[in-house]
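# Structural characterization, general
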Amino acid sequence: MPSSIPLTNSQRNAFAPRLGFAYRLGNKWVVRGGYGLYYNANQMNVYTIGGSNPPFSNRLTLNSLPAKPTLTLSNPTAGTVAGATPTPNINTVLPYLPMANMNQWSFDIERALWEGAGLDVQYLGAKTIHLDRNYYTNTPLPGAGVIQTRRPNQKWGVIRAVSNDMVENYDALNVVLRQRFNRGFSMLLSYTWSHTLDVGTDSNNSGAGAAPQDPYNWRGDYGNSNWDIRHRLVASYSYELPFFKTSKGFQRYVLGNWQVNGVTTLQGGTPILLNAAGDVANTGAATPERPNLIAPVVSNCGGDHLVGCISPASFTVAAPFTYGNAGRNIVKGPGLMQSDFSVFKNFPLATEKARLQLRFEFFNIFNTPSFSNPTAVFGTATFGNINSTLIPNRQFQVAAKILF
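Residues numbered from 1 in each chain as written. Predicted model: local features only at pLDDT ≥ 70, side-chain atom pairs only at ≥ 80, totals over all residues. Heavy atoms only, no water.

Take the overall build of the chain next. Scanning the chain from terminus to terminus reveals one helix and 21 strands. Buried positions account for 34% of the 404 residues belonging to the chain. Across the chain, the fraction of contacts at a sequence separation of at least 24, relative to all contacts at a separation of at least 6, is 69%. Accessible area for the chain stands at about 23,300 Å²; split by element, carbon and sulfur atoms hold 61% of it. (Helix = DSSP H or I, 4+ residues; strand = E, 2+ residues; numbered from the N terminus. Buried < 20%, exposed > 50% of the residue type's maximum accessible area, 1.4 Å probe, protein only. Contact = heavy atoms within 4.5 Å. Areas by Shrake-Rupley, 256 points an atom, 1.4 Å probe, with all protein chains shown as cover.)

The following block contains the structure:
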């Protein structure tokens, strides 16, 4: 494409200010806060969807019988046409796609505790606008009849437009207990309560969640993000064992200089993408529809509940030619629990500036199963069944490392 023909209109107002402050109250208290406006450049591969537009994407297959061939090199289109599409689909990118921008703010209070330790309580908030999405502008309204004859533009089938008018909101409370290295021990304990709300995933995803159920009412899909994790606790620690540190000879070389480390993660589940089988609304949309919600959701997924962990009694199929009223991402999946543990042995080498570290590392040491979200297509036999895990089974490895 000539350089004189731009793909999109330019944006010249990407002003990104930052503001922060810190104030010390006495010897043990500190108050901090900040604000920033951040930009994220558009994904350039969005523009490549034009390559699937006519005439590049249209393909015709011509068949002829082997006993009575009609296809020849001089007449290659004499057979019968199979799989022809009389109304081709088209992809468009809106001419003005401003970069996504996030307004982010924070406020926290920190207090010094014992030697080398501090407690930090933080609030973090963010509002993001101009997130990209798929907007199917030629989708017919729910109703009876042939889908194509009810489309707004009869010359085309599916019209996929990439726009960036979506929003996302994030709020979080963080509590952090930090112990700096002191007497051979260090620790970081953090707990986060957070809530993320948005409309769907980005426009590069063509599957479920990439576009609203009703393309003309995206606010109906505003709800928990696919990656919304409400609770998360992470504890990490390192401790140099004090035994035989002052010994000499064999005792110090073999029994001294041992170190233990660990990381434990506990977190709640992510939302389950709940869909309904079929095209009840009769719109031909690629985005799955949802069922009707008729009772409070009852679910218990994970642990020993791997089959039917979502009660189907909470839902029913939507009435013909209507969208389901169940909200987006209203059901939570199983949580995650993982503990990694390691033991290090440090051997001093000939020079005081180098040492050999022998590492015994255990991943998922307690072999705790953490399960993936179940399949959740209402109306199918596998509704509420879990088929995989999030993390591998327990693993053990031995490694050696030279530090200098």
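What follows covers the pairing of strand E19 (residues 355–363). When strand E18 (residues 336–348) meets E19, the two strands line up antiparallel, connected through eight bridges. The residue of E19 that forms the bridge with Phe347 is Leu356. In the sheet, E19 pairs with strand E21 (residues 395–403) via nine bridges, with the strands oriented antiparallel. Following the sheet pairing, Leu356 is matched in E21 by Ile402. (Pairing = 2+ DSSP bridges.)

Moving on, we come to the nonpolar core. Within soluble globular proteins, side chains that are nonpolar tend to cluster in buried spots. Grouped together as the largest cluster of nonpolar side chains are twelve residues: Ile272, Leu274, Cys301, Cys309, Ile310, Phe315, Val331, Phe371, Ala376, Phe378, Phe383 and Ile386. Those residues in contact with Ile386, other than ones at most four positions away along the chain, are Cys301, Gly302, His305, Leu306, Cys309, Pro334, Phe371, Ser372 and Pro374. (Core = buried A, V, L, I, M, F, W, Y, C linked by side-chain atoms within 4.5 Å.)

The subject of this paragraph is the packing of aromatic side chains. Under the definition given, this model contains five aromatic pairs. Ring pairs connect the aromatic residues Phe315, Phe378 and Phe383, which therefore count as one cluster. The positively charged end of Arg133 is found above the aromatic ring belonging to Tyr135, 4.7 Å away from the centroid. (Phe/Tyr/Trp six-rings, centres within 6.5 Å; stacked < 30°, edge-to-face > 60°. Lys NZ or Arg CZ within 6 Å of the ring centre and 35° of its normal.)

Let us now look at unusual backbone geometry. Its identity as a non-glycine residue notwithstanding, Asn364 has a phi of 55°, on the positive side. Topologically, Asn364 is positioned in the loop between E19 and strand E20 (377–378). With a phi close to 55°, Asn367 is a non-glycine residue in the positive phi region. The residue Asn367 is located in the loop between E19 and E20 in this model. Of the residues examined, Asn367 reaches a relative accessible area of 33% and is grouped as partly exposed.

This part takes up the state of the cysteines. Under the criterion given, the structure shown has one disulfide. The disulfide partner of Cys301 is Cys309, and the S-S distance across this bridge is 2.2 Å. The sign of the 80° torsion about the S-S bond sets the Cys301-Cys309 disulfide as right-handed. Residue Cys301 is classed as buried on the basis of its relative accessible area of 13%. Residue classification places Cys309 among the buried positions, given a relative accessible area of 5%. (Disulfide = S-S within 2.5 Å.)

The next thing to look at is the side chain of Thr287. For Thr287, the position within the fold is in the loop between strand E14 (275–276) and strand E15 (292–293). When residues no more than four places from it in sequence are discounted, the contact partners of Thr287 are Tyr136, Ala211, Pro212 and Gln213.

All right, on to a nonpolar patch on the surface then. The grouping of Leu19, Phe21, Tyr23, Leu25, Trp29, Tyr35, Trp105, Phe107, Ile109 and Tyr123 at the surface amounts to a nonpolar patch, some 990 Å² of accessible area in total. The biggest single contributor to the nonpolar patch is strand E1 (residues 18–25), with four residues. If you trace the backbone, Trp105 turns up in strand E6 (residues 100–112). (Patch = residues over 30% accessible without salt bridge, like charges linked within 9 Å, V, L, I, M, F, W, Y side chains within 5 Å. Salt bridge = Lys/Arg side-chain N within 4 Å of Asp/Glu carboxyl O.)

With that settled, consider the pattern of salt bridges. Summed over all chains, the structure comprises seven salt bridges. Two residues, Arg32 and Glu110, come together in a salt bridge whose shortest N-O distance is 2.6 Å. Of this pair, Arg32 sits in strand E2 (residues 29–40) while Glu110 sits in strand E6; the two residues are 78 residues apart in sequence, bridging distant segments of the chain. A salt bridge links Asp228 to Arg230; the nearest nitrogen and oxygen atoms lie 2.8 Å apart. A relative accessible area of 22% means that Arg230 is categorised as partly exposed. Connected through salt bridges with shared partners, the residues Asp228, Arg230 and Lys332 form a single ionic network.

Per-residue confidence for the chain gives a mean pLDDT of 85; residues scoring 70 or more make up 88%. Low pLDDT (under 50) marks residues 1–5, which in the prediction has one contact with non-local residues, meaning those over four places away or in another chain. (pLDDT = per-residue confidence, 0-100.)

Tracing the backbone through its elements, the reader meets Thr139 in the loop between strand E7 (117–136) and strand E8 (159–182). On the accessibility criterion, Thr139 (4% relative accessible area) is buried. Here Tyr136 takes part through its backbone oxygen, which lies 3.1 Å from a polar atom of the side chain of Thr139. Excluding its chain neighbours within four sequence positions, the residues that come into contact with Thr139 are Arg151, Pro152, Pro215, Tyr216, Thr283 and Ala285. (Polar contact = N/O pair within 3.5 Å; in protein donor to acceptor, adjacent residues only side chain to side chain.)

So, about the environment of Phe15. Positionally, Phe15 belongs in the segment before E1. Taking relative accessible area as the criterion, Phe15 reaches 60% and is therefore assigned exposed. Sequence separation between Phe15 and Tyr38 is 23 residues; the distance between their C-alpha atoms is 8.8 Å. Not counting chain neighbours up to four residues away, the residues in contact with Phe15 comprise Leu37 and Tyr39.

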